[in-house]
Amino acid sequence: MSFYKSIVDQDRAAVVICNLKHEIIYMNPAAVISYEKRGGDKLIGRSLLDCHNPESREKIRLVIEWFSSDESHNIVYTFHNDKQNKDVYIVALRDAGKLIGYYEKHEYRNAETMKPYDLW
């Protein structure tokens, strides 16, 4: 289990994991920093829906309904953020095929600035 947590914790993109009640159950360190102005880690245990406007809340509910309708429904593109040059998706979380939650995935489109294998 610690291997999986480490993968999420090392990601530079924010990862906010929710259960099917839309409660935030986990935020990786990047998410805590990214959402610091909205409460950071104090958002854990709160409803993700409280962080969105009515139109976005309805879209989230529709996505979860779609995820629930078929095991092959697992990822939805939601928008492109021009300011941060990233695409955003909602991804289903499943256990043995059963929907157990979801998370928001950010894919940045900026070229990497780190030098390859710059270890020292």
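Right above here is the structure, for reference.
These numbers come from a predicted model, not from an experiment.

Caption draft 1: Summary view of the pattern of salt bridges. For the structure shown, the criterion picks out six salt bridges. Among the salt bridges present, the one from R109 reaches D87, with a minimum N-O distance of 2.7 Å. Of the two residues, R109 is situated in the segment after β5 (98-108) and D87 in strand β4 (residues 86-95); the sequence distance between them amounts to 22 residues. Accessibility expressed as a relative area gives 40% for R109, which makes it partly exposed. Across the pair K105 and E107 runs a salt bridge whose closest N-O atoms are separated by 3.6 Å. Residue classification places K105 among the partly exposed residues on the basis of a relative accessible area of 27%. Judged by its relative accessible area of 25%, E107 is partly exposed.

Caption draft 2: Structural context of the environment of W66. Summarising the element assignment, W66 is placed in helix α3 (residues 54-69). Assessed through its relative accessible area of 35%, W66 is described here as partly exposed. In the structure, W66 is positioned 51 residues away from Y117 in sequence and 42 Å away in space, judged by C-alpha atoms. Among all residues touching W66, those that are not within four sequence positions of it are H73, N74, I75 and V76.

Caption draft 3: Looking closely at the pairing of strand β3 (residues 75-81). Judged from the six bridges that link them, β3 and β4 form a sheet pairing that is antiparallel. Residue pairing for β4: V76 is matched across the bridge by I90. From the end of β3 to the start of β4, which pair antiparallel, there are four residues, and N85 there has a positive phi angle of about 50°.

The rules behind these values
Residues numbered from 1 in each chain as written. Predicted model: local features only at pLDDT ≥ 70, side-chain atom pairs only at ≥ 80, totals over all residues. Heavy atoms only, no water. Salt bridge = Lys/Arg side-chain N within 4 Å of Asp/Glu carboxyl O. Helix = DSSP H or I, 4+ residues; strand = E, 2+ residues; numbered from the N terminus. Buried < 20%, exposed > 50% of the residue type's maximum accessible area, 1.4 Å probe, protein only. Contact = heavy atoms within 4.5 Å. Pairing = 2+ DSSP bridges.

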